[in-house]
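# Structural overview for review
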Amino acid sequence: MSGLQGFILYAFSAMVATLLLQLLSSLFRSLLSGSSNNDQSTSTSFMESISNLFSSAALSFRNIFSTSSSDEVVKEKALDLNQWNVCKVADRQSLNSEYSKYTMELPSSMSSTIKLALGQELQLCVVDARNRVLKEECFPVACGPGSFEIVVRNPPSVAGTRSRHAKFSAALQQLLPEDELAVKAGRRRLTYRGPETAIENIAMVVSGLGIAPALQLLRQLLPPAEGEPALQEESQPAADTAFELLWINEKKTDFILNEQLEQLEARHPEQLYVARVIDSAFGDAEAAINDKLRSAIAPYEAGRLALVLASPDAAGKASSFLEGLGYAEESVFTLLSDE
């Protein structure tokens, strides 16, 4: 028998004993003071006493249970990303003419933070005005208490044939605050299959929407701030691992979410180094590598690996750049950001 069960049994026994004593006392008082002229009033008084006693007993029993449960810790149930879950649009913020950031609100009955595998993407599902079911994969930028954030490329302003991504973006743009959509785990995640050696340095080559998975990975791998929830299913902060992030875009306005990256830089000045480079020809596979890029990433040596977080067009050039620095194929991992 547990301590809680023993306490409840003891309290219940004491309550029953007290109730019986009070009933007997009331009965004797009614017999001693009763007469033929006031039998009815005595009977009524006696029944009222019994009713009051049972009411007091019920209240006491409720207090016992409320007191015993007050010290228990209620554990929230984590959001099951293996199945579709309903979420709501909480806010939409325009980052520039090309990108928008959406904040999605999770159901209040679920865990305060969704738990993600390392480099895990999400799949969203929305129904557009023509009742078409549209799905899209994206990497969350941040996962906070009861919400998560994503960045989506805005749909083209010119009407006509649109890609799957553009159709989804247009449908998402039409949603109003409190409108619902569905979310579950996506198919892509980061899986390390390299040599079983200690990783001392991770180099990241980032372009375009690749900043979204880059921020997610940094928040998962760098030690969280005090009081900040872990974002992984099994969080393993890289306390001694250094990160070099080469962030390449074709123009200055493409450096979206820079403020969030600056916050991580300020929090981890000894672990995170970021180089921001504007290269208008980076997406051109035929163009030469900008000389500014060569000094941003250290050459390969044991204990280093590289991540390419870019669109398919830029990923090939980034991989070639890393190969020129001595990174073998098994040391380079790619997470594509579809744009």
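Everything below is about the structure printed above this text.
Below is a short write-up of the structure.

Parameters at a glance
Residues numbered from 1 in each chain as written. Predicted model: local features only at pLDDT ≥ 70, side-chain atom pairs only at ≥ 80, totals over all residues. Heavy atoms only, no water. Helix = DSSP H or I, 4+ residues; strand = E, 2+ residues; numbered from the N terminus. Buried < 20%, exposed > 50% of the residue type's maximum accessible area, 1.4 Å probe, protein only. Contact = heavy atoms within 4.5 Å. Areas by Shrake-Rupley, 256 points an atom, 1.4 Å probe, with all protein chains shown as cover. Phe/Tyr/Trp six-rings, centres within 6.5 Å; stacked < 30°, edge-to-face > 60°. Pairing = 2+ DSSP bridges. Right-handed = clockwise from strand over helix to strand, strands pointing away. Axes fitted to C-alpha atoms, helices over the stretch in contact; angles between N-to-C directions. Arc of directions from axis to C-beta.

The helix and strand inventory of the protein stands at seven helices and 12 strands. Split into buried and exposed, the 339 residues of the protein put 43% on the buried side. Contacts spanning at least 24 positions in sequence make up 74% of the contacts within the protein whose residues lie at least 6 apart. Looking at the protein as shown, the accessible area adds up to about 19000 Å², and 52% of this sits on carbon and sulfur atoms.

Although it is not a glycine, asparagine 131 adopts a positive phi angle of roughly 60°. Mapped onto the elements of the fold, asparagine 131 is located in the loop between strand S3 (122-127) and strand S4 (133-138).

This brings us to the packing of aromatic side chains. The full count for this structure, using the stated rule, is two aromatic pairs. Between tryptophan 247 and phenylalanine 255 the ring centres are 4.9 Å apart and the planes differ by 75°, which places this aromatic pair in the edge-to-face class. Phenylalanine 255 carries the same exposure label as tryptophan 247, and that label is buried. A centroid spacing of 5.4 Å and a plane angle of 65° characterise the contact between tyrosine 300 and tyrosine 327, whose relative ring orientation is edge-to-face. With a gap of 27 residues between them, tyrosine 300 in the loop between helix H6 (291-294) and strand S11 (304-310) and tyrosine 327 in the loop between helix H7 (312-324) and strand S12 (332-336) connect regions that are remote in the sequence. Using a relative accessible area of 34% as the deciding quantity, one classes tyrosine 300 as partly exposed.

By the secondary structure assignment, phenylalanine 139 is in the loop between S4 and strand S5 (142-144). Each residue touching phenylalanine 139, except ones within four places of it in the same chain, is listed here: Gly119, Gln120, Glu121, Arg188, Ala212, Pro213, Gln216, Leu335 and Leu336.

Time to look at the pairing of strand S9 (residues 242-249). Counting buried residues along S9, seven of its eight residues qualify, which places the element largely inside the surrounding structure. Bridge count for S9 against strand S10 (residues 272-278) is seven bridges, and the pairing is parallel. Each bridged residue has a counterpart across the sheet, and for leucine 246 the counterpart in S10 is alanine 275. In this region the chain leaves S9, passes through helix H5 (residues 258-267) and returns to the parallel neighbour S10; the handedness of that crossover is right-handed.

Taken together, five strands build an open sheet; the order of strands is S10-S9-S8-S11-S12 and the sheet is parallel. Both outer strands of the open sheet, S10 and S12, are each paired with one neighbouring strand and no more. Shown here is a sheet whose adjacent strand axes are inclined to one another by a mean of 15°, direction ignored. For strand S8 (residues 201-207) and S9, the ladder comprises seven bridges, and the chain directions are parallel. Residue pairing for S9: valine 206 is matched across the bridge by tryptophan 247. On the sheet, H5 packs against S9 and S10 and is oriented at approximately 150° with respect to S10.

Attention now goes to H5. Restricting attention to buried positions, one finds in H5 the residues Asn258, Gln260, Leu261 and Leu264. Considered in projection along H5, the buried side chains sweep an arc of 160° and stay on one side of the axis. Across from the buried face of H5, at angles greater than 90 degrees, the exposed residues are Glu259 and Ala266. Here the buried face of H5 lies against strand S2 (99-105), strand S6 (147-153), helix H4 (211-221), S9 and S10.

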